[in-house]
Amino acid sequence: MFLKGMTRVARIVFFAIFLYWYIISGGVDLINTALSTEPIKNAVTEHVRATLKTDVSVERVTLFIGLGFGVNLRNVTVGDREKIYASAEMAAILLSPWRRIRAGKWLAGLRFYRPKIVVRSDMPGGDGGIPMFSLPFVDIYDPEVDVHYRGEKFSLKGDMSIFLRQNRTGDAIEGELEFNDVVFSYNDAEVGIRGPVLIRGRHVVSSGLAISSGQLTVTAAGCYTIGTRPVFHGFVELDGFRLARGSGKSPILNAILRNLDGGADFRIRNMMLYGIPVRTVTARATAREGVLNLQDLKATGDN
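Residues numbered from 1 in each chain as written. Predicted model: local features only at pLDDT ≥ 70, side-chain atom pairs only at ≥ 80, totals over all residues. Heavy atoms only, no water.

Undergrad: Just give me the short version of a nonpolar patch on the surface, but keep the residues and values in it.
TA: Taken together, the side chains of Leu273, Tyr274 and Ile276 present a nonpolar region at the surface, about 280 Å² in accessible area. Here Leu273 lies in strand β16 (residues 261-273). (Patch = residues over 30% accessible without salt bridge, like charges linked within 9 Å, V, L, I, M, F, W, Y side chains within 5 Å. Areas by Shrake-Rupley, 256 points an atom, 1.4 Å probe, with all protein chains shown as cover. Salt bridge = Lys/Arg side-chain N within 4 Å of Asp/Glu carboxyl O. Helix = DSSP H or I, 4+ residues; strand = E, 2+ residues; numbered from the N terminus.)

What follows is the structure in structure tokens.
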């Protein structure tokens, strides 16, 4: 059994070495010609479909060589249109001989470039966590995302990178998100997002995520737990908050506080309170079912 296993490993390693040698020896054009044939394209598509356990369609397959080794999928669609669905002009699947040896599968990861992603989630109880996938990693660059949830629509687009990984036990998703110049639309409101985010299952952690709407910027650092009643603990700063007679509610604050529980160190900078400038406000904030309470409130006006 040991010798048989070693023979299988040797075959895989030999194939990988031969393929790499063939590519650097000028065989790229021949490989692309072979990949463009209908039988091989269908075989690659079926292998991806079986690995991801969802619908996949591909118009063209070419060789991918860059940060990893694999094949490019041109005009690709992945997923179930009734749940989560992605389409892109180009994606890449990364192959790994070591994963083939350890798990019996060649596919090591999937990269999407500027995809259109649609998520439909109507699950009761607000269980809106990231769905599991059967690859070690999925990387997404500059996506345009639409989320439909209980009759409402959220949209996300702009300069961002999303890196999702299975955890060590394979029963939850971890990831990193980097928002550089992103617009988030919620019903009729639009906000800008900038900063890093870490995902650990249902926990979302950031060292400083800035959300801007008009003159108001909300910066949060801490841990946010997804659920019917989300929970946040950390630090929150409001910069440019304006409160005037007859002013409407802030869409950005309404969205953040909705059903929220938790506590945070709280600070307001450059506040305008009924026409009176206030330089800083500090407090200990607690939230329960979306109602915000401020304790140990201290304020400093302009000199």
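Undergrad: I'd love a proper account of the nonpolar core, names of residues and values included.
TA: Of all hydrophobic cores here, the largest spans 36 residues; its most connected members are Leu73, Val76, Ile93, Leu110, Phe112 and Phe179. Those residues in contact with Leu110 that lie beyond four places of it in its chain are Leu52, Ala91, Ala92, Ile93, Leu135, Phe137, Val138 and Asp139. By size, the runner-up hydrophobic cluster in this structure holds 15 residues, among which are Val236, Leu260, Val278 and Val281. (Core = buried A, V, L, I, M, F, W, Y, C linked by side-chain atoms within 4.5 Å. Buried < 20%, exposed > 50% of the residue type's maximum accessible area, 1.4 Å probe, protein only. Contact = heavy atoms within 4.5 Å.)

Undergrad: Which residues make up the confidence of the model for the protein chain, and what values do they have?
TA: Overall, the prediction assigns the protein chain a mean pLDDT of 78, with 75% of residues at 70 or greater. Segment residues 123-129: pLDDT under 50, and 15 contacts once partners within four positions in sequence are set aside and those in other chains are kept. (pLDDT = per-residue confidence, 0-100.)

Undergrad: Which residues make up unusual backbone geometry, and what values go with them?
TA: Residues other than glycine predominantly adopt negative phi, and peptide bonds predominantly adopt the trans conformation. Here the phi dihedral of Arg114 falls at roughly 50°; this positive angle occurs in a residue that is not glycine. Note that Arg114 resides in the loop between β5 (107-113) and β6 (116-121). The exposure class of Arg114 is exposed, given its relative accessible area of 63%. Despite not being glycine, Asp296 has its phi angle at roughly 55°, a positive value. The class of Asp296 is exposed, set by a relative accessible area of 63%.

Undergrad: Can you lay out the pairing of strand β10 (residues 173-186) for me, pointing to particular residues and giving the numbers?
TA: Inspection of the sheet shows strand β9 (residues 152-166) paired to β10 by 13 bridges, in the antiparallel sense. Its bridge partner lying in β10, Leu156 is registered against Phe184. Here β10 pairs with strand β11 (residues 189-200) via 11 bridges, running antiparallel. Bridge pairing links Phe179 to Gly195 in β11. With antiparallel pairing between neighbouring strands as the criterion, β10 and β11 make up a hairpin whose turn holds two residues, including Asn187 at a positive phi of roughly 55°. (Pairing = 2+ DSSP bridges.)

Undergrad: Please give an account of the pattern of salt bridges that cites residues and values.
TA: Taken as a whole, this structure holds 12 salt bridges when the rule is applied. The salt bridge partner of Glu144 is Lys116, with a shortest N-O separation of 3.4 Å. Within this pair, whereas Glu144 is found in strand β8 (residues 144-149), its partner Lys116 is found in strand β6, the two being separated by 28 residues in sequence. A salt bridge links Glu237 to Arg267; the nearest nitrogen and oxygen atoms lie 2.5 Å apart. Highlighted residues: Glu237 in strand β14 (residues 231-239) and Arg267 in strand β16, separated in sequence by 30 residues.

Undergrad: Any chance you could break down the environment of Ile211 for me, citing the residues and the numbers?
TA: When you line up the elements, Ile211 lands in strand β12 (residues 203-213). Overall, Ile211 belongs to the buried group, its relative accessible area being 19%. Between the C-alpha atom of Ile211 and that of Ile193, which follows or precedes it by 18 residues, the distance is 4.7 Å.

Undergrad: Go over the packing of aromatic side chains with me, naming the residues and quoting the values.
TA: Geometrically, a pair of aromatic rings is defined through the distance of the ring centres and the angle of the planes. Tallying each qualifying case throughout the model produces three aromatic pairs. Considering the side-chain rings of Tyr113 and Tyr141, the 5.5 Å spacing of their centres and the 10° angle between planes classify their relative orientation as stacked. Linking Tyr113 in strand β5 with Tyr141 in strand β7 (residues 137-141), this pair joins segments that are 28 residues apart in sequence. A residue is classified by how much of its surface remains accessible, and Tyr113, at 21% relative accessible area, is partly exposed. Judged by its relative accessible area of 24%, Tyr141 falls in the partly exposed class. A centroid spacing of 6.2 Å and a plane angle of 25° characterise the contact between Phe154 and Phe184, whose relative ring orientation is stacked. Placement of the pair is Phe154 in strand β9 and Phe184 in strand β10, with a sequence separation of 30 residues. (Phe/Tyr/Trp six-rings, centres within 6.5 Å; stacked < 30°, edge-to-face > 60°.)

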